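# Geometric and topological summary
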Amino acid sequence: MAECIAQKYYLTTFGCQMNFHDSEHAAGILEKIGYRRTATPEEADIILLNTCCVRENAENRLYGHLGNLKPLKDKNPELIIGVGGCMAQLPSVQEKIRESFPYIDLLFGAFNLHQLPELIARVKQTQSRILELPPEREIQEDLPVVREESWRAWVTVIYGCNNFCSYCIVPYVRGREQSRRPEKIIAEIEGLAGQGVKEVTLLGQNVNSYGLDFPAGERIDFADLLGMVSAVKGIRRIRFQTSHPKDLSDKLIRRMAEGGPICEHLHLPVQAGSNRILAAMNRKYTREHYLSLVEKLRAAIPGIALTTDLIVGFPGEEEEDFQDTLDLVEQVGFDAAFTFAFSPRVGTKAATMENQVPEEVKMDRLYRLIEVVNRLAKEANQRLEGRIETILVEGPSEKNPEFYAGRTRSNKLVLFAPKHPGPELAGVEVKVKITKGLAYTLKGEEIE
Ligand code: SAM
Ligand code: SF4
Ligand code: F3S
């Protein structure tokens, strides 16, 4: 009798947390139709790449990855290879895959993940390629999901973005803002709490726009939603990202100040410190406004950690503008920052602006910025030395498994040698005394 061997899928993801969360849904959908995950593409019957296109080099990297998959397809013509996510939404990429990568069978987007079973079946039955993405972008609720961790979960609250920052491709590939219904969000989080999840991160390109697209009579905003999530029993920590400074309301700051499960951390991308550049970026706030927000946040929420995103080398950025960025970074003293060199994305306004900054100038500014960011991060971490912090344990550190990693409420990674190591420690809160602050991590000693 022929043994029924489960088909295997290999799934790899690039990009932001929203993309990683989409991949958790893709995994759930594939497992529901009988596929099992494999960590090696060589073993797979289907390979899916969930891609990001926020920076230009990602596109070249994708083509490199696709090239590497060709020998696998040559060896096994039954193998299905699919490309999904933001890159797959770009007409230029669709074209390139159609023309130059004849062994790619399938393109899919974040909004048609639910169709994966049907698309895979059609590719198998017809032995033809499916490279068209559907135009509709409706939120699909109740999709299967396989989450990476049992104690922490991502929950999308709003899809898309309406902001059109002049450098950014995201609104073109992710579409306009669509908020999920609050009752759906709360039902999902109640379900997660019931399964033992302790921490949720609410996701959206701009969570502060949550609810603006609901009909007038049904409006609730992000602060209201946070209040509702705070009331879910069993959820010990609530995080959210990303917040746009132009939409950060006093009401939200007051809600954060109520604390409870809402963590003392805010990721508030500033991008640049020069008003001229902020205007050219279409960010719709000034450095003064940003600094006033920082002041309000620090006054209302003692110990809040502030992190940010920064871009150097935006078209027209002069040394003086860059100095404004360094100055703002010094003034705020961020706990951490993601730093990027401006990358022109075809289709965005900034890609065709005059005065593009030479690559070597961008790189020079990037390194100078990283130095300042790291110094300030280390100083902020050193200020915590001697303090007792409650951390939520993640598990053994990858580099040195004798040490375990956990996060403070302010989202700082702490490494410590646990008194009772073991897998059951993941998702447990322990108290540690911070012994050393470094640029990216803290070291601590368990005290109970
Ligand atoms: N929605 C978030 C926000 O409002 O900032 C983040 C979106 S984006 C996925 C993450 C970060 O990538 C941005 O904050 C920005 O710093 C950076 N980024 C986006 N487009 C970029 C580009 N063309 N070049 C360099 N960095 C870019
Ligand atoms: Fe991109 Fe700006 Fe939207 Fe963030 S807010 S996703 S940076 S357009
Ligand atoms: Fe990349 Fe798409 Fe996220 S472009 S950063 S994966 S929204």
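Residues numbered from 1 in each chain as written. Chains lettered and ligands numbered in written order. Predicted model: local features only at pLDDT ≥ 70, side-chain atom pairs only at ≥ 80, totals over all residues. Heavy atoms only, no water.

Turning to its location among the elements, Lys73 is positioned in helix 2 (residues 56-75). Engagement of the side chain of Lys73 in a polar contact is seen with the side chain of Asp105, the distance being 2.7 Å. When sequence neighbours within four positions are dropped, the list of residues in contact with Lys73 reads Leu79, Ile80, Ile81, Tyr103 and Asp105. (Helix = DSSP H or I, 4+ residues; strand = E, 2+ residues; numbered from the N terminus. Polar contact = N/O pair within 3.5 Å; in protein donor to acceptor, adjacent residues only side chain to side chain. Contact = heavy atoms within 4.5 Å.)

One can find Arg365 in helix 12 (residues 359-382). Judged by its relative accessible area of 6%, Arg365 is buried. Along the chain, Arg365 and His244 lie 121 residues apart, while their C-alpha atoms are 24 Å from each other. Leaving out residues up to four positions away in the same chain, Arg365 has contacts with Val312, Glu317, Glu318, Glu319, Phe322 and Val357. (Buried < 20%, exposed > 50% of the residue type's maximum accessible area, 1.4 Å probe, protein only.)

Judged by which residues are buried, strand 18 (residues 442-446) turns out to be one-sided: Leu442, Gly444 and Glu446 face inward and are buried, whereas Lys443 and Glu445, on the alternate face, are not. Direction of pairing for strand 16 (residues 413-416) relative to strand 18: parallel, over a ladder of three bridges. Bridging across to strand 18, Leu415 finds its partner in Lys443. Both strand 17 (residues 429-437) and strand 18 contribute to a ladder of five bridges, which runs antiparallel. (Pairing = 2+ DSSP bridges.)

Let us now look at the pattern of salt bridges. Using the criterion set out here, one finds 36 salt bridges in the structure. Its salt-bridge partner being Glu148, residue Arg37 comes within 3.9 Å of it at the nearest N-O pair. Here Glu148 lies in the loop between helix 4 (116-126) and strand 6 (152-156) and Arg37 lies in strand 2 (residues 36-37), a separation of 111 residues in the sequence. Residue Arg37 is classed as partly exposed on the basis of its relative accessible area of 39%. Across the pair Arg98 and Glu95 runs a salt bridge, and its minimum N-O distance is 3.9 Å. Here Arg98 and its partner Glu95 are both found in helix 3 (residues 91-100), three residues apart, which amounts to about one turn of the helix. Judged by its relative accessible area of 32%, Arg98 is partly exposed. A residue is classified by how much of its surface remains accessible, and Glu95, at 41% relative accessible area, is partly exposed. (Salt bridge = Lys/Arg side-chain N within 4 Å of Asp/Glu carboxyl O.)

For the rest of this paragraph, the subject is the pairing of strand 17. Of the strand pairs in this sheet, strand 14 (residues 388-396) and strand 17 are connected by five bridges, and their pairing is antiparallel. Note that in strand 17 the partner of Thr390 across the bridge is Lys431. If you look at the hairpin formed by strand 17 and strand 18, you'll find four residues sitting between the two strands.

Here we take up the domain arrangement of the chain. As assigned here, the chain comprises domain 1 (8-126), domain 2 (149-263), domain 3 (266-383) and domain 4 (388-447). Distance between the C-alpha centres of domain 2 and domain 4: 27 Å. Opposite the 11 residues of domain 2 that make contact, domain 4 presents 13 residues. Interface of domain 2 and domain 4: buried area, both sides summed, is about 940 Å²; carbon and sulfur atoms make up 43% of it. For the domain 2 face of the interface with domain 4, the top three residues by lost area are Trp151, Arg237 and Arg239, together amounting to 60%. Here domain 2 is connected to domain 4 by two salt bridges. For the pair domain 2 and domain 4, the number of links is nine residue pairs in polar contact (both at pLDDT 80 or more). Broken down by class, the residue content of the side of domain 2 that touches domain 4 amounts to four nonpolar, one polar and six charged. (Domains from an automatic or database assignment. Buried area = accessible area lost by both parts, 1.4 Å probe. Nonpolar A, V, L, I, M, F, W, Y, C, P; charged D, E, K, R; others polar.)

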